[in-house]
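Tertiary structure, described
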Amino acid sequence: MSETLRHADPARDGAACAAIYAPYVTDSPASFEEVAPSAAEFARRIESASRSHPWLVLEAGGSVVGYAFASAYHPRAAYRWAVTVGVYVASTHHRRGAGRALYDALFELLRRQGLYTVVAGITLPNEASVGLHKAVGFQYVGVHPKIGWKAGAWREVSWWQLALRPARDEEPPAEPLGPQRLEDLV
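This write-up is about the structure you can find in this document.

The rules we used
Residues numbered from 1 in each chain as written. Predicted model: local features only at pLDDT ≥ 70, side-chain atom pairs only at ≥ 80, totals over all residues. Heavy atoms only, no water. 1 Å grid on protein atoms, 1.4 Å probe; cavity = no way out; pocket = protein on both sides within 12 Å on 5 of 7 lines; lining within 4 Å. Points joined across faces, edges and corners; volume = space filled by probe spheres on them. Helix = DSSP H or I, 4+ residues; strand = E, 2+ residues; numbered from the N terminus. Nonpolar A, V, L, I, M, F, W, Y, C, P; charged D, E, K, R; others polar. Core = buried A, V, L, I, M, F, W, Y, C linked by side-chain atoms within 4.5 Å. Buried < 20%, exposed > 50% of the residue type's maximum accessible area, 1.4 Å probe, protein only. Contact = heavy atoms within 4.5 Å. Pairing = 2+ DSSP bridges. Phe/Tyr/Trp six-rings, centres within 6.5 Å; stacked < 30°, edge-to-face > 60°. Lys NZ or Arg CZ within 6 Å of the ring centre and 35° of its normal. Axes fitted to C-alpha atoms, helices over the stretch in contact; angles between N-to-C directions.

**Focus: the layout of surface pockets**
Within this model, the largest pocket holds a volume of roughly 1,200 Å³. Secondary structure elements with two or more residues in the lining of the largest pocket: α1 (10-26), α2 (39-50), β3 (63-72), β4 (82-89), α3 (98-112), β5 (117-124), α4 (127-135) and β7 (153-163). Counting residues per element, the lining of the largest pocket draws most heavily on β4, which supplies six residues. Of the residues belonging to the lining of the largest pocket, the class tally is 21 nonpolar, 16 polar and six charged.

**Things to note about the nonpolar core**
Counting 29 residues, the largest nonpolar core has Val85, Tyr103, Leu106, Phe107, Leu110, Val118 and Phe138 as its most contacted members. Where this core is concerned, the elements lending two or more residues are β2 (55-60), β3, β4, α3, β5 and β7. A per-element tally of this core places α3 first, with eight residues. Those residues within four positions of valine 85 in sequence are excluded, and the remaining contacts are Phe69, Ala70, Tyr103, Leu106, Phe107, Leu110, Val118, Val119, Ala120 and Phe138. Counting residues in each nonpolar core, the second largest holds 17 residues, with Tyr24, Phe42, Tyr67 and Phe69 among its members.

**Some details on the pairing of β2**
In terms of burial, β2 is largely enclosed, as six of its six residues are buried. A two-sided burial pattern is seen for β2, the buried positions comprising Trp55, Val57 and Glu59 on one face and Leu56, Leu58 and Ala60 on the other. Two elements, strand β1 (residues 3-7) and β2, share five bridges in a ladder whose sense is antiparallel. Paired with leucine 5 across the two strands is leucine 58, which belongs to β2. Joining the antiparallel neighbours β2 and β3 is a turn of two residues, in which glycine 61 adopts a positive phi near 60°.

**Let's talk about the environment of glutamate 47**
Locating glutamate 47 in the fold gives a position in helix α2. Residue glutamate 47 is classed as partly exposed on the basis of its relative accessible area, which comes to 45%. As a C-alpha pair, glutamate 47 and alanine 120 span 73 residues in sequence and 21 Å in three-dimensional space.

**A word on the environment of valine 143**
Along the polypeptide, valine 143 turns up in strand β6 (residues 139-150). Valine 143 sits in the partly exposed class, given a relative accessible area of 35%. Along the chain, valine 143 and alanine 40 lie 103 residues apart, while their C-alpha atoms are 33 Å from each other.

**Details of the packing of aromatic side chains**
Evaluation of the coordinates by the stated rule reveals 15 aromatic pairs. Put simply, the rings of Tyr21, Tyr24, Phe42, Trp55, Tyr67, Phe69 and Tyr88 pair up and form one aromatic cluster. The ring of phenylalanine 42 carries arginine 45 above its face, with NZ or CZ at 5.5 Å from the centroid.

**Remarks on the sheet that holds β1**
Here seven strands make up an open sheet; going across it, the order is β1-β2-β3-β4-β5-β7-β6 and the pairing mixed. Of all strands in the sheet, those bounded by a partner on one side alone are β1 and β6. Across the sheet, the axes of successive neighbouring strands diverge by a mean angle of 25°, strand direction being ignored. Note that β5 and β7 share eight bridges and pair antiparallel. When the sheet's bridge partners are listed, threonine 123 is paired in β7 with valine 157. Packed on one face of the sheet, α4 meets β4, β5 and β7 and runs near 160° to β5.

Keep in mind these numbers describe shape, not what the thing actually does.
Written as structure tokens, this is what we have:
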């Protein structure tokens, strides 16, 4: 089956991303959202995020089977070289390399933007997500114990960090670049 990695289009991909994400909200504690966002809300999120960071989708057989995105880690200026990332894959495509393919492309675009640090939070337990993040190079940096109530229990969130480039002691450029395009990776 042919796979295509591309930038998300809000109108075209909002419904597919919402459908992939919904089970993470309704059937597991993986997401701390309590109500699955609508297709329109996902389209808004894609449009908003894409102004400053990449949002990618993976298609297989003409259908979106996963997505990955980056967003600002924190609004304070000193954090401008760090991003938070997320990746979600349809259950029909778990353990097929979709998450890794999405993350590999996303991280290369973030490197080209001049960003330094990627952060991911994982609600525990979640062996599959922990395994993926370790496999792509993330390092465990800490945990927030019992920080969120979801699915009838207090949940902890583990925090993971990946260096996209060495953070040297010299001052970085004033600002990271704007979003980069997949076409520029060729």
